[in-house]
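Overview (structure and organization)
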Amino acid sequence: MHQFTGDDWRLKLISFLDNFRCARSRIIYGDQALFVRRSLFEQLGGFPEQLILEDVAFCEKLLKVAKPILLAPPVVTDSRKFLKMGVWLSFARVLAIILHVEWGLPTLPRSFFSDVR
């Protein structure tokens, strides 16, 4: 489970949708605290050597041998990045990433993932 800090209703909605996506797909993003036994992590070759979305690529390998479960209570992610960039723009960026992964489109350029602090 995942939730953002703060009480912004938009972030609560995004967390709800993210948790729904995660429960359906079992693809866990890096800010959702993925726990894997070391032996299984090593058996699967660890995180692939790629600049972006290595967490998604690892989960795709993981799903071939296991079914991740979601634990409660939720992992709390700081909302400052979403608030600084704009909640809806940040959400649109996440959707673009999800669609690229789901539809097998070419990986988005590294500049798309610029660090926001």
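Details of the structure are given in the entry above.
The following paragraphs examine the structure supplied in this document. Computed from a prediction, not measured in an experiment: that's the story for all the values here.

What follows concerns the packing of aromatic side chains. For the structure on display, the rule yields 6 aromatic pairs. Arranged with centres 6.2 Å apart and planes meeting at 75°, the rings of W88 and F91 form a pair that is edge-to-face. Of the two residues, W88 and F91 are both situated in helix 5 (residues 87-102); the distance of 3 residues between them amounts to about one turn of the helix. Assessed through its relative accessible area of 42%, W88 is described here as partly exposed. Judged by its relative accessible area of 18%, F91 falls in the buried class. Through a chain of ring-to-ring contacts, three or more aromatic side chains come together here, namely W9, W88 and F91. Lying across the ring of Y29, R21 places its NZ or CZ 4.0 Å from the centre.

Scanning the model with the defined rule gives 4 salt bridges in all. D18 is paired through a salt bridge with R21; the nearest N and O atoms lie 2.8 Å apart. Linking D18 with R21, this pair stays in helix 1 (residues 9-25), spanning 3 residues, or about one helical turn. Judged by relative accessible area, R21 falls into the buried class, the value being 12%.

Conventions adopted
- Residues numbered from 1 in each chain as written.
- Predicted model: local features only at pLDDT ≥ 70, side-chain atom pairs only at ≥ 80, totals over all residues.
- Heavy atoms only, no water.
- Phe/Tyr/Trp six-rings, centres within 6.5 Å; stacked < 30°, edge-to-face > 60°.
- Helix = DSSP H or I, 4+ residues; strand = E, 2+ residues; numbered from the N terminus.
- Buried < 20%, exposed > 50% of the residue type's maximum accessible area, 1.4 Å probe, protein only.
- Lys NZ or Arg CZ within 6 Å of the ring centre and 35° of its normal.
- Salt bridge = Lys/Arg side-chain N within 4 Å of Asp/Glu carboxyl O.

Function-wise, these values are silent; they only describe arrangement.
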